[in-house]
Amino acid sequence: MRKPLSFLAAVILGAAALAVPSAATASTPVVSITAPPMGWNSWNRFGCNIDENLIKQTADAIVANGLDALGYRYVNIDDCWMASTRDAQGRLQPHPTRFPGGIRALADYVHARGLKLGIYESAGTATCQGLPGSLDHEVVDANTFAAWQIDLLKYDNCNNQGRPDAQRYQAMGDALKASGRAIVYSICNWGGAEPWVFGPRVGGSLWRTTGDISDNWGSVLSLLDQQNGLEPFARNNGFNDPDMLEVGNGGMTATEYTAHFSLWALLNAPLLLGNDLRSMSAQTLGIIRNAEVIAVNQDWGGSQGRKLRDFGDTEVWAKPMSDGGAAVVLFNRTAASATITTSAAEVGLGGSSGYSLRNLWTGATSSSTGAIAATVPAHGVAMFRVNRSGTLAAAPTAGSHQVGDLAWLASSNGWGPAERNRANGEQAAADGGTLTINGTTYAKGVGAHADSAVHLYLGRACPLFTASVGIDDEVTNAAASTRFQVYGDGKLLAYSGIKRAADGPSRLSVSTGGYSTLELRVTDGRDGNSYDHADWGAATLTCTAPGTGSSPAFTGSNGWGPAERDQSNGEQAAGDGLVPTVGGVSYVRAIGAHAPADLTVALGGNCERFTATAGIDAEVTSATARVVFTVLADGTAIYTSAPVTVASGPVPIDLDVTGRGALRLVVGDGGNGVDYDHADWADARLLC
């Protein structure tokens with residue numbers, strides 16, 4: 001669009017009434033972080049029994065125990081730090097007897113030890129303990145925190161007066177941005193109103209996905225289960241937060257605490273200790289000082305950890321690592337030891353003749369031809385780093401391949417097997433009917449039932465995957481709800497919105513060039529998997545020759561604000577866009593542009609294919625949006641789309657660029673002016 005959405009919305013609604021952030025202020029985090037915060041928080045162990053001596057002693061204990069060298073750097077003061085009234089200028093005051101030296105002096109003490117100080121407030125008229133809240137005091141409080149040299153704000157949700165979550169949390173996010181100090185913004189609204197959606201839009205770097213944790217096994221299981229289905233919303237500058245750690249507080253066994261710590265690490269969750277750091281057992285220190293497990297937490301390999309397989313009371317969780325391997329947790333929820341088995345294929349590493357495994361809790365190393373297995377104690381885990389160590393299989397032959405006809409590395413499915421070229425009948429193999437989504441039939445594809453996964457080997461030679469996805473017509477029940485996700489080498493590439501029985505199919509077009517493996521996953525819509533029959537209609541791979549895939553670097557001009565990497569165009573400052581979404585599908589990688597745009601991508605004669613899904617971003621709903629996408633290679637047009645609108649949906653682009661020196665990616669006006677012309681080169685990728 002030409003005038004920012006924020007301007008138009010303010011005219012129509014009044015700026016104070018906005019319940020959803022405008023595009024122009026949306027996605028810029030208050031502080032850009034590249035790993036989950038690590039440190040300590042006072043609440044779990046001490047509640048309101050806090051004072052400045054405890055905070056100082058805790059900072060000293062972090063250093064004395066070498067925790068700072070492992071990444072534990074935030075010392076966070078929770079509720080009860082403040083006086084019961086504001087001062088004459090309306091500013092928050094520290095409690096006069098608990099914190100007589102003041103918060104700024106405490107920050108200086110913590111900073112002098114190489115650590116960071118966090119503080120607590122609530123997006124309500126009062127905190128959870130009845131002390132002054134920040135609602136309608138956001139600017140003065142943010143400026144106060146900045147003056148005190150605060151490094152992190154945990155922003156709670158008590159006494160919120162029923163006002164919209166996004167509105168209240170954006171007010172503080174904007175105030176923190178304007179304060180002049182980098183303050184990590186931790187949103188704590190207990191998982192209400194989908195903070196994984198609005199959190200990054202209002203400046204959050206992490207957002208609570210649950211209510212409060214308690215120091216017992218049932219609480220850990222409950223919070224863990226609530227993470228299922230949230231994995232698409234984590235990113236390397238914003239993290240899902242299932243609440244703080246309870247390790248060392250005494251309510252669980254060492255085995256349970258080890259499982260708790262391992263799973264939170266795999267989830268890329270903030271690792272915020274909640275015990276008394278001044279007096280810890282060797283057993284507790286052994287858990288929280290495991291550098292190899294911490295390294296899994298701090299590494300962003302392309303997706304947070306997620307549940308890959310559920311056997312009932314035993315589970316397989318995994319996440320990709322940036323070195324090309326995977327971290328794997330075999331989890332036993334039962335009261336007796338159990339042998340749990342998965343495979344390299346299931347964790348995204350199929351296609352190799354051999355694998356190396358390292359047990360992160362015992363230090364033992366081993367090799368395997370693909371099996372990953374361990375006898376796991378009751379309420380315990382086995383945790384591994386797994387890497388390919390053998391010879392890779394041959395890539396698929398060049399051409400177009402139907403997934404329903406290909407060999408699969410592995411598959412799993414919620415009810416009965418995943419079916420080839422037919423719907424899922426829930427029981428024996430081949431018991432389903434024709435793949436049909438809202439009256440459209442597909443001769444080929446995959447019939448699944450959430451939770452489901454099909455793994456294929458690409459050999460880095462297949463630059464494009466396409467499918468039409470939705471609920472099969474054998475189901476009409478409104479309870480059916482699924483999300484389709486596509487992973488390459490365990491890294492999230494694209495995901496659909498929630499699909500229901502009444503919806504028509506969504507077209508998935510995903511750039512897969514340079515990936516060795518593909519995973520087609522269906523998860524339930526976080527409401528149970530009853531009736532979740534899901535079709536990958538006409539699931540097709542286009543393969544060429546093996547190569548290295550990458551997201552293109554670009555330079556050039558853009559209509560409004562800069563062209564954005566991996567987000568849509570918010571029209572103003574760099575980094576102000578949203579998750580790129582076209583045609584109901586969200587993409588992890590993209591170039592977000594606004595007509596007129598003319599971007600150059602250098603190839604140097606080294607690449608073979610350019611692929612993308614080009615369309616109007618979902619931040620725009622106006623029928624006025626109308627653009628033409630053109631790709632020029634060395635000055636010659638090799639692709640020009642018909643006019644693309646919101647109604648027309650996106651267009652897939654798959655171009656041979658062999659020997660070309662440079663591409664120009666041009667977004668032009670579709671003939672009616674450039675208002676609302678937000679255009680994504682979604683999933684833009686080079687195979688070189």
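Further up the page is the structure itself.
From a predicted model like this one, the values you see are computed outputs, not experimental measurements.

Calculation rules
- Residues numbered from 1 in each chain as written.
- Predicted model: local features only at pLDDT ≥ 70, side-chain atom pairs only at ≥ 80, totals over all residues.
- Heavy atoms only, no water.
- Helix = DSSP H or I, 4+ residues; strand = E, 2+ residues; numbered from the N terminus.
- Buried < 20%, exposed > 50% of the residue type's maximum accessible area, 1.4 Å probe, protein only.
- Pairing = 2+ DSSP bridges.
- Axes fitted to C-alpha atoms, helices over the stretch in contact; angles between N-to-C directions.
- Contact = heavy atoms within 4.5 Å.
- Right-handed = clockwise from strand over helix to strand, strands pointing away.
- Phe/Tyr/Trp six-rings, centres within 6.5 Å; stacked < 30°, edge-to-face > 60°.
- Expected span 1.5 Å × (residues − 1).
- Polar contact = N/O pair within 3.5 Å; in protein donor to acceptor, adjacent residues only side chain to side chain.
- Disulfide = S-S within 2.5 Å.

Caption draft 1: Highlighting the side chain of lysine 307. Mapped onto the elements, lysine 307 comes out in strand E9 (residues 306–310). Overall, lysine 307 belongs to the buried group, its relative accessible area being 15%.

Caption draft 2: Molecular detail of the pairing of strand E36 (residues 590–594). Among the 5 residues that make up E36, 5 are buried, leaving the element largely enclosed by the rest of the structure. Burial along E36 is two-sided: Ala590, Gly592 and His594 facing one way and Ile591 and Ala593 facing the other are all buried. Sheet topology note: the strand E33 (residues 564–565)/E36 ladder contains 2 bridges and is antiparallel. Pairing of glutamate 564 across the sheet is with glycine 592, part of E36. Here E36 pairs with strand E44 (residues 678–687) via 5 bridges, running antiparallel. Its bridge partner lying in E44, histidine 594 is registered against histidine 678.

Caption draft 3: Fine view of the sheet that holds strand E16 (residues 381–388). The strand order E9-E10-E11-E16-E13-E14 describes an open sheet built from 6 strands, whose pairing is antiparallel. Single-partner strands in this sheet number two, and they are E9 and strand E14 (365–368). Strand-to-strand twist in this sheet, taken as the mean axis angle between neighbours without regard to direction, amounts to 30°. In this sheet, E16 lies alongside strand E13 (residues 355–359) in antiparallel orientation, the contact comprising 5 bridges. Each residue of the ladder has a partner; that of arginine 358, found in E16, is arginine 385. Contacts from helix H12 (residues 291–298) reach strand E10 (314–320), strand E11 (326–332), E13 and E16 within the one sheet, and its direction differs from that of E16 by about 65°.

Caption draft 4: Spotlight on the pairing of strand E5 (residues 184–187). Side chains of E5 alternate between two faces, with Val184 and Ser186 and Tyr185 and Ile187 buried alike. In this sheet, E5 lies alongside strand E4 (residues 152–156) in parallel orientation, the contact comprising 4 bridges. Within the sheet, the bridge partner assigned to lysine 154 lies in E5 and is serine 186. For the segment spanning E4, helix H7 (residues 165–178) and E5, crossover handedness is right-handed. Alignment of E5 against strand E6 (residues 206–208), held across 2 bridges, turns out to be parallel. What sits directly across from serine 186, in E6, is leucine 206.

Caption draft 5: A look at the packing of aromatic side chains. Counted by the stated rule, this structure contains 13 aromatic pairs. With 5.1 Å between their ring centres and 90° between their planes, phenylalanine 484 and tryptophan 536 make a pair best called edge-to-face. One end of the pair, phenylalanine 484, is in strand E25 (residues 481–488); the other, tryptophan 536, is in strand E30 (residues 533–543), with 52 residues separating them in the sequence. Judged by its relative accessible area of 0%, phenylalanine 484 falls in the buried class. Ring centres of phenylalanine 629 and tryptophan 681 lie 5.0 Å apart, and the angle between their planes is 80°; this geometry places the pair in the edge-to-face category.

Caption draft 6: Expanded view of helix H3 (residues 52–64). Helix length check: H3 (13 residues) gives 18 Å between terminal C-alpha atoms against 18 Å at 1.5 Å per residue, within 8%. Inspection of H3 places Glu52, Leu54, Ile55, Thr58, Ala59, Ala61 and Ile62 among the buried residues, and these make up the whole buried set. Those residues of H3 hidden inside the fold are in contact with strand E1 (38–41), helix H2 (43–46), helix H4 (67–70), strand E2 (74–76), helix H5 (103–112) and strand E3 (116–122). Between the side-chain oxygen of the N-cap and the backbone nitrogen of asparagine 53 there are 3.1 Å, and the N-cap of H3 in question is aspartate 51. Looking one or two residues beyond H3, the residue adopting positive phi is glycine 66, at roughly 70°.

Caption draft 7: Summary view of the state of the cysteines. Applying the stated criterion across every chain, the model contains 4 disulfides. The connectivity of the disulfides in the protein is 1-2, 3-4, 5-6, 7-8, where the numbers refer to bonded cysteines in sequence order. Counting only cysteine sulfurs, cysteine 128 is the nearest neighbor of cysteine 188, a cysteine outside any disulfide, at a range of 7.5 Å.

Caption draft 8: Layout of the environment of valine 63. Structurally, valine 63 can be placed in helix H3. On the basis of relative accessible area, valine 63 is assigned to the partly exposed category, the value being 33%. Remark: the alpha-carbon pair of valine 63 and asparagine 143, spanning 80 residues in sequence, is separated by 29 Å. Contacts of valine 63, omitting those with residues within four sequence positions, involve Asp68, Arg113 and Leu115.

Caption draft 9: Spotlight on the environment of lysine 116. Here lysine 116 lies in strand E3. Between the C-alpha atom of lysine 116 and that of proline 552, which follows or precedes it by 436 residues, the distance is 36 Å. In contact with lysine 116, other than residues within four places in its own chain, are Arg73, Tyr74, Val75, Val110, His111 and Asp151.

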